[in-house]
Structures are given as C-alpha cells and as structure tokens.
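Single-letter residue listing:
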Amino acid sequence: MDYTIEEKEMFMREALKEAEIALANDEIPIGCVLVKDGQIIGRGHNAREELQRAVMHAEIMAIEEANQQENSWRLLDTTLFVTIEPCVMCSGAIGLARIPKVIYGAKNQKFGAGGSLYDILTDERLNHRVEVESGLLEEECAAIMQNFFRNRRKK
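This report concerns the structure included in the present document.

Scoring rules and cut-offs
- Residues numbered from 1 in each chain as written.
- Predicted model: local features only at pLDDT ≥ 70, side-chain atom pairs only at ≥ 80, totals over all residues.
- Heavy atoms only, no water.
- Salt bridge = Lys/Arg side-chain N within 4 Å of Asp/Glu carboxyl O.
- Helix = DSSP H or I, 4+ residues; strand = E, 2+ residues; numbered from the N terminus.
- Axes fitted to C-alpha atoms, helices over the stretch in contact; angles between N-to-C directions.
- Parallel < 35°, antiparallel > 145°, perpendicular 65-115°, else oblique.
- Left-handed = near helix turned anticlockwise from the far one by under 90°.
- Contact = heavy atoms within 4.5 Å.
- Nonpolar A, V, L, I, M, F, W, Y, C, P; charged D, E, K, R; others polar.

1. Things to note about the pattern of salt bridges
Here is step 1 of the chain: Throughout the structure, instances matching the rule amount to 9 salt bridges.
Here is step 2 of the chain: The shortest N-O distance in the salt bridge between Arg 43 and Glu 18 comes to 3.5 Å. Here Arg 43 is found in strand β2 (residues 39–45), whereas its partner Glu 18 is found in helix α1 (residues 5–24), with 25 residues between them in sequence.
Here is step 3 of the chain: Here the salt bridges do not stand alone but share partners, grouping Lys 8, Lys 101, Glu 131 and Glu 133 into one network.

Here it is in structure tokens:
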C-alpha cells in the first residue's frame, strides 16, 4: 500500500480522468479510483444526474465496482484516490468497506468529511479508522471544480 509519489500522481491522474467523464456529462466533476496491489480495481465519477440516483457519487461507484471485482464487501489492503475530499455519505461507505487509506486532492470546505468540515474517516469513536493523505495534485483537482462552478454561475 505504500506507493511512490510518481505512482500516487499516476493514480490521481486516473481519478482526474474520471472527473473529466463527469464533467462531459454536466455532473459535478469528481473522480475516483480504488487501487489494490498497484492495480485499479474500481473506478467512479459523479453520475447523479445521468443515473437519477442520489447516491451515485464517485466513491460509491468505485466501491461498488471493486466489491464486484473482489467478490467481497471488505476492501482490505486498498487505497482510494479521489479528486475532492469525501462527503459524509462517502466517508461512511469508505469505513463500512474497510478501506484503510484515502488520498484526496483538494479539500471540500462545504461538505468534506475527511478533515475539513467533519472528520469521519479518522474519528476514534468509530470502529474503523482510515489513514488520510490530502493535497495530491491539489491545484489540478481544485481547478476542475472551480471552473465547473464558475461556468455554471455564468449560465
């Protein structure tokens, strides 16, 4: 689970590709990949509008795909890379899936549950705590969101 900075950046760029898919579908551009043993086992991007399902956040989509790939709800020995800090729902799902590590790009000051607004991922009162690393490719991850909302306000 220890990846070099080059490997981490490569996986975050894959998450950014997922964010681009969301952007192309006029979704909030958040992307995610779930990695085990250096291989991507789950991918996801926001798809609430596309699928008309409230829970279709990038992390949920990646977790679902990885559950199928691994044939298990437990995603031990994995690392989740996501462009934006997970929300409360996604942080709960990360804990329930027993994902041990999350690496995210930019903070989410309005909905973040990985240290910004809430700290669900590392809350000692919960039975599963997640190692969190933030700021990986932060400028790129923040820029895609900022541009999306800037353009939306213009409309």
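Once you've had a look at it, read on.
2. Observations concerning the packing of helix α3 (residues 58–70) against helix α4 (residues 88–96)
Here is step 1 of the chain: Where α3 meets α4, the axes come as close as 9 Å, and the angle between the chain directions of the two elements is 25°. One element, α3, and the other, α4, form an angle in the roughly parallel class. Considering how the two elements wind past one another, α3 and α4 form a crossing that is left-handed. Contact residues: α3 offers Glu 59, Ile 60 and Ile 63, while α4 offers Met 89, Cys 90, Ala 93 and Ile 94.
Here is step 2 of the chain: Looking at the contact of α3 with α4 residue by residue, the classes come out as 6 nonpolar, no polar and 1 charged.

Scope: geometric values only; no functional claims are made or implied.
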